[in-house]
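Structural description and commentary
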Amino acid sequence: MSQPSPEAYEQGRGMDAHNEVMRDIRAERSETYDPTEPTRVWIDEDNTPDGVVNSLTIILNTGGCRWARAGGCTMCGYVAESVEGGSVAHEDLMTQIDACLDHERENADDPAELIKIYTSGSFLDEREVPAETRQAIAETFADRDRIVVESLPDFVNREKIGDFAEHGIATDVAVGLETATDRVRHDCVNKYFDFADFEDACAEAAGADDEFDADVGIKAYLLMKPPFLAEPEAAADMIDSIHRCADVDGCHTVSMNPTNVQRYTMVDELFFEGGYRPPWLWSVAHVLEATADVDAIVVSDPVGHGSDRGAHNCGECDDRVQTAIKDFDKRQDPSVFGQVSCECEATWELVMEEETSYNMPLAQ
């Protein structure tokens, strides 16, 4: 397999300065990973268009996101968990799938209705997951009800979706849109594509939904509080982005992911220097409450909640607010947020009134 230089991916994409910094940061990585073992696997519950169902989440260990090898997104450290060399053999990827199925058999009473498969980049990028592997995985899970795979919009087309949908599996493609605002995506996240490309991916999914006897749709992943945005700016951007995503035909779910500080990222560098604070959990609740009426499922899963590196409040109320968020994810009922309160909400309200991009973070 060819190994183009990072510069080949930069031409006309992203910010050269961001990519240069990100490559230097990622070069600090020293860990190595076994290509026959998945990065992670776990069993959970998820809200889908079919209701709340049991899920098996698989993170495959691949050669990593090609955009990340160019430098990539300012907040994403997942490429640091990928296998060096840019590719993993079909046989090794299927060995990882077998290990995930073993985990399910050992830890679940019944097979999960929903399968979610992620990589350190794009599942539909054939340099990361070959077509042979994608088709074999589709056959492996042909007896399940629904599958979610993650991809950048570039790689979303009806033919690839059809590998799953032709088996009658409801198929969702999760797209890391991050924000509906192109300037924020380009300048804060350092992601190269436009909202129009996301709309094109949704159109491909809608076309596949018409073509195959299976439900096909898009799940938009948004990023709450990328670097360089103040808390009120980040919340306003999320509210606008959720509304815009919900209005796109083919997009049925929006997952808002609060930024968590990952190693080997620009966000980590800013955090270490005191220039970044992950979002308040109150902000997450505020956005979910403000968008509860959109025509889409809206969920959030604050990774590392309550820690300095994840979405957090004062430390006393974090678990209670997180429980309310998880309750909202399943029931889509904003009244759950009226059942939690804390004195630190007053501090958050001050931050929302006074924090700007030149005085942040106003409070820790």
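Residues numbered from 1 in each chain as written. Predicted model: local features only at pLDDT ≥ 70, side-chain atom pairs only at ≥ 80, totals over all residues. Heavy atoms only, no water.

If you check an unreviewed UniProt entry, the chain appears there as Radical SAM enzyme (TIGR01210 family) from Halorubrum alkaliphilum.

With respect to the overall build of the chain
Helix and strand counts for the chain stand at 13 helices and eight strands. Taken over the C-alpha trace, the chain has a radius of gyration of 20 Å; the compact-globule value for 364 residues is 21 Å, and the two agree within 12%. Principal axes of the C-alpha set define a box for the chain whose edges measure 55 × 45 × 40 Å. When burial is assessed residue by residue, the chain has 55% of its 364 residues classed as buried. Taking the contacts inside the chain whose residues are at least 6 apart along the sequence as the reference set, 75% of them involve residues at least 24 apart. Of the side chains in the chain, 28 bear a positive and 76 a negative charge, and the two mean positions are spaced by 3 Å. (Helix = DSSP H or I, 4+ residues; strand = E, 2+ residues; numbered from the N terminus. Rg over C-alpha atoms; globule rule 2.2 N^0.38 Å. Buried < 20%, exposed > 50% of the residue type's maximum accessible area, 1.4 Å probe, protein only. Contact = heavy atoms within 4.5 Å. Lys, Arg positive; Asp, Glu negative; His and termini not counted. Charge placed at Lys NZ, Arg CZ, Asp CG, Glu CD.)

A look at the environment of Val 284
In this structure, Val 284 sits in helix H11 (residues 281–290). Here Val 284 falls in the buried class, since its relative accessible area comes to 0%. For the pair formed by Val 284 and Glu 113, sequence separation is 171 residues and the distance between their alpha carbons is 28 Å. Those residues in contact with Val 284 that lie beyond four places of it in its chain are Met 256, Pro 258, Ser 300 and Ile 325.

A look at helix H7 (residues 182–189)
Where H7 is concerned, the buried positions are Val 184, Arg 185, Cys 188 and Val 189. Projection of H7 onto a plane perpendicular to its axis shows the buried side chains occupying an angular sector of 105 degrees, all on one side. Structurally, H7 contributes buried residues whose contacts are with strand S5 (170–178), helix H8 (195–211), strand S6 (216–224) and helix H9 (231–246). Just beyond H7, the residue with positive phi is Asn 190, at close to 60 degrees. (Arc of directions from axis to C-beta.)

Section: unusual backbone geometry
In the segment running from Met 360 into Pro 361, the intervening peptide bond is cis, with an omega of -5 degrees. Residue placement: Pro 361 occurs in the segment after helix H13 (345–354). At Phe 228, a residue that is not glycine, the phi angle is positive and equals roughly 80 degrees. By secondary structure assignment, the location of Phe 228 is in the loop between S6 and H9. One non-glycine residue, Gln 332, adopts positive backbone phi at about 55 degrees.

With respect to the packing of aromatic side chains
Under the counting rule described, the total for this entry stands at six aromatic pairs. Seen in terms of ring centroids, Trp 67 and Tyr 192 are 4.8 Å apart; in terms of plane orientation they differ by 70 degrees. Their pairing is edge-to-face. Within this pair, whereas Trp 67 is found in helix H3 (residues 66–70), its partner Tyr 192 is found in the loop between H7 and H8, the two being separated by 125 residues in sequence. Accessibility assignment for this pair places Trp 67 and Tyr 192 in one class, buried. Through a chain of ring-to-ring contacts, the aromatic side chains of Trp 67, Tyr 192 and Phe 193 assemble into a single cluster. Residue placement shows Lys 225 over the ring face of Tyr 276; its charged tip is 5.7 Å from the ring centre. A cation sits over an aromatic face here: Arg 244 above Phe 195, 4.4 Å from the ring centre. (Phe/Tyr/Trp six-rings, centres within 6.5 Å; stacked < 30°, edge-to-face > 60°. Lys NZ or Arg CZ within 6 Å of the ring centre and 35° of its normal.)

Topic: a negative patch on the surface
Together, Asp 16, Glu 20, Asp 24, Glu 28, Glu 269 and Glu 273 make up a negatively charged patch on the protein surface. The dominant element in the negative patch, judged by the number of residues it contributes, is helix H2 (residues 16–26), at three residues. Considering the arrangement of structural elements, one finds Asp 16 in helix H2. (Patch = residues over 30% accessible without salt bridge, like charges linked within 9 Å, V, L, I, M, F, W, Y side chains within 5 Å. Areas by Shrake-Rupley, 256 points an atom, 1.4 Å probe, with all protein chains shown as cover. Salt bridge = Lys/Arg side-chain N within 4 Å of Asp/Glu carboxyl O.)

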